[in-house]
Amino acid sequence: MSVDCIFCKIVSGAIPSKKIYEDDDVIVFDDIKPSAKVHFLIVPKLHVESLMSCEGAHQALLGKLLLLAPKLAAEQGLKGFKTLINTGREGGQEVFHLHLHVLGG
Ligand code: 5GP
Ligand code: ZN
C-alpha cells in the first residue's frame, strides 16, 4: 500500500470505483475515462509501480492479470479486445501502480 496512490485507495475502498471483479490478489474496475465502449483496468492489489519494477517474484501475478483479461472480456460481452500496459512516464503511464487496460466494443 502506497499512501498517495489512487489505485491503492481504490483497493482499500477509500475511493469508490465501478468494480467488476475482485479476489485476494486483484481488483478490476471500469476506467473513469473510457476510451472504448468497454474499458476496464485489471489491477494487482499489491502496489507495484510499473512493469519496469517487476521481477521473478511477480511472474505468477503477471500471468494472473493476463489470464483474467479474456475471462472478464467475455463476461462483458466482448468477442475480441485490446490490451495495453503503459510503462513509465515516457510510455504514457499516468498512474504509477501497475495495471492492464482491456478495451473493446
Ligand atoms: P495509465 O496512463 O497510467 O496507463 O492509465 C491510467 C488510467 O486510469 C487512465 O485511463 C485513467 O482514466 C484511469 N484513472 C485515473 N484515475 C482513476 C480513478 O480514480 N478511477 C478510475 N476508475 N480510473 C482512473
Ligand atoms: Zn498503489
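Above this text sits the structure in question.
Residues numbered from 1 in each chain as written. Chains lettered and ligands numbered in written order. Predicted model: local features only at pLDDT ≥ 70, side-chain atom pairs only at ≥ 80, totals over all residues. Heavy atoms only, no water.

1. A word on the overall build of the chain
Assigned secondary structure in the chain consists of two helices and five strands. The order of α-helices and β-strands along the chain, N terminus first, is α-β-β-β-α-β-β. In terms of overall dimensions, the chain has a C-alpha envelope of 35 × 30 × 30 Å along the principal axes. Evaluated residue by residue, the chain yields a buried proportion of 37% over its 105 residues. Long-range pairs, those at least 24 residues apart, make up 52% of the contacts in the chain between residues at least 6 apart in sequence. For the chain, the computed accessible surface area is about 6300 Å², with 55% contributed by carbon and sulfur atoms. With 11 positive and 12 negative side-chain charges, the chain shows a separation of 9 Å between the mean positions of the two kinds. (Helix = DSSP H or I, 4+ residues; strand = E, 2+ residues; numbered from the N terminus. Buried < 20%, exposed > 50% of the residue type's maximum accessible area, 1.4 Å probe, protein only. Contact = heavy atoms within 4.5 Å. Areas by Shrake-Rupley, 256 points an atom, 1.4 Å probe, with all protein chains shown as cover. Lys, Arg positive; Asp, Glu negative; His and termini not counted. Charge placed at Lys NZ, Arg CZ, Asp CG, Glu CD.)

2. A word on the coordination of the zinc ion (ligand 2)
Listed as protein donors to the zinc ion (ligand 2) are Cys 5 (SG), Cys 8 (SG), His 47 (ND1) and His 97 (ND1); their distances from the metal cover 2.0 to 2.3 Å. Between consecutive donor residues of the zinc ion (ligand 2), the sequence gaps follow C-x2-C-x38-H-x49-H. A residue pair is termed long-range when its members are at least 10 positions apart, and Cys 8 in helix H1 (residues 6–12) and His 47 in the loop between strand E3 (38–44) and helix H2 (59–75) qualify at 39 residues. By relative accessible area, which is 24% here, His 47 ends up partly exposed. (Donors = N, O, S within 2.8 Å, 3.2 Å for Na, K, Ca; no water.)

3. Let's talk about the pairing of strand E2 (residues 26–30)
E2 sits mainly inside the fold: four of its five residues count as buried. One ladder, built from three bridges, connects strand E1 (residues 19–22) with E2; its direction is antiparallel. Looking across to E2, one finds that Glu 22 is bridged to Ile 27. In textbook terms, the turn of a hairpin is the stretch between consecutive antiparallel strands, and for E1 and E2 this stretch comprises three residues. (Pairing = 2+ DSSP bridges.)

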